Structures are given as C-alpha cells and as structure tokens.
Amino acid sequence: MVERLLERLRVDLGARQDRSQSSIPSQPSRLRFLSEQKGEVESFLESIWSEFFLARPDVASAYLVSVRFDPDEPAAVALCLRTTSSDRDSQNTLVAFISNVFRDMFDPDESLSVIFLSADQERQAQCVAQPFYASGQQISQRQHATVFSQSSQAAQSEGQPLLSSHG
C-alpha cells in the first residue's frame with residue numbers, strides 16, 4: 001500500500017510541480033518548538049516522507065513537531081528539515097513533494113508548515129522531539145503505518161473522510 005501510494009505521488013509530483021505555488025517559509029526568529037507530533041496518522045506520513053528522503057542525500061534529519069511562530073498565535077504543525085544544501089530548487093522540490101502528500105491526505109482546510117532548520121533551531125527541536133528520519137535512516141516504526149493503512153482503507157470503503165482536523 002505505502003509503496004503504491006509513494007509511486008503514485010512521485011508521478012503526481014512531476015505533473016503538479018509546474019502548477020505548484022509552493023514557497024519556502026522564512027525561518028521565523030520567534031519560532032518555539034512545543035512538542036513532538038505523534039500518532040498513527042503522523043507515523044504514516046513520516047513513513048511516506050522517509051521513503052522519499054532516503055533518495056535525497058541533502059536531507060540530514062526530519063522532525064514532525066508542534067510549533068508556535070509567535071506567542072500570540074495558536075500552535076501549528078510543522079515538518080522541520082535539516083538539509084545539507086541551501087539550494088532553493090532543491091528546497092522547492094522537497095516542499096512540493098511534502099505538500100502533495102499532505103494535500104492528498106488531509107482536508108483542504110488543514111495546513112502544514114515546512115521549516116528548514118538552522119543548526120541552532122535543530123538543537124531546540126531536539127529538546128522536544130526525536131527525529132523520525134536521520135541521514136539515510138527511517139527511524140519511525142513501520143507498524144504504525146500498517147495499522148493506519150488498514151484503518152484508513154476501512155474508513156474509505158465506508159465513505160468516511162480519511163483524516164480529521166488537528167485542531
């Protein structure tokens with residue numbers, strides 16, 4: 001299931017990349033890392049993204065965390081990446097793939113921030129979360145992805161939405 005979805009997303013990436021208006025978010029100076037984002041859905045997303053990152057030597061580590069960009073704003077979910085390259089084309093390709101996976105799974109009202117971490121920001125993220133991916137290693141347990149895959153197939157066959165809001 002995951003392999004088929006990943007292959008479909010790789011094909012979709014080429015078709016969508018030209019239409020994508022993805023931009024690389026700036027690195028906010030008031031960024032606060034709150035907690036690791038955990039659960040079956042998160043594990044499934046991590047497994048898909050990890051498979052893609054395995055083919056990307058420029059991705060050093062990845063974290064899925066709850067963040068706050070400003071003290072007066074609500075928390076948001078962010079995929080935080082430490083990369084070895086600051087090449088904008090490479091970053092745009094990463095953002096496009098990540099966005100496509102997220103859009104295919106979540107309600108259009110949901111959002112995910114993608115943050116390219118500095119070394120200092122990565123140290124801060126490590127205080128609240130473990131990476132789910134690090135330099136060629138998929139760290140997340142695949143059993144969560146299998147459980148989610150089975151439950152999502154059942155929900156889809158019953159006409160239920162695949163995922164609900166994170167709030």
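You'll find the structure just up there.
## Brief notes about the pattern of salt bridges
Overall, the coordinates contain four salt bridges when judged by the stated rule. Its salt-bridge partner being Arg 30, residue Asp 70 comes within 3.0 Å of it at the nearest N-O pair. Placement of the pair is Asp 70 in the loop between strand S2 (59-68) and strand S3 (76-83) and Arg 30 in the loop between helix H1 (2-17) and strand S1 (32-36), with a sequence separation of 40 residues. The class of Asp 70 is buried, set by a relative accessible area of 17%. The class for Arg 30 is partly exposed, based on a relative accessible area of 44%. The salt bridge involving Arg 123 is made with Asp 120; its shortest N-O contact spans 3.8 Å. Placement of the pair is Arg 123 and Asp 120 together in helix H4 (residues 119-126), with a separation of three residues, close to one helical turn.

## Overview of H4
Along an α-helix, a turn takes 3.6 residues, which lines up residues three or four apart on a common side. Along H4, the positions that sit buried rather than exposed are Gln 121, Glu 122 and Ala 125. Along H4, the residues classed as buried sweep out an arc of 100 degrees about the axis, all on the same side. In the core, the buried residues of H4 are packed alongside S1, S2, S3 and strand S4 (113-116).

## Describing the side chain of Asp 58
The topology assignment puts Asp 58 in the loop between helix H2 (40-54) and S2. Dropping the residues within four chain positions of it, Asp 58 is found in contact with Arg 82, Thr 83, Thr 84, Ser 85, Ser 90 and Leu 94.

## Structural notes on the pairing of S4
Covered by surrounding structure in S4 are Ser 113 and Ile 115 together with Val 114 and Phe 116, the residues of both alternating faces. Two strands pair when backbone bridges link them, and S3 and S4 are joined in this way by four bridges, in the parallel orientation. In the strand pairing of S4, Ala 78 is matched with Ser 113. Read as a crossover between parallel neighbours, the route from S3 over helix H3 (residues 88-105) to S4 is right-handed.

Analysis parameters
Residues numbered from 1 in each chain as written. Predicted model: local features only at pLDDT ≥ 70, side-chain atom pairs only at ≥ 80, totals over all residues. Heavy atoms only, no water. Salt bridge = Lys/Arg side-chain N within 4 Å of Asp/Glu carboxyl O. Helix = DSSP H or I, 4+ residues; strand = E, 2+ residues; numbered from the N terminus. Buried < 20%, exposed > 50% of the residue type's maximum accessible area, 1.4 Å probe, protein only. Arc of directions from axis to C-beta. Contact = heavy atoms within 4.5 Å. Pairing = 2+ DSSP bridges. Right-handed = clockwise from strand over helix to strand, strands pointing away.

Remember, this is a structural readout, not a statement about activity or role.
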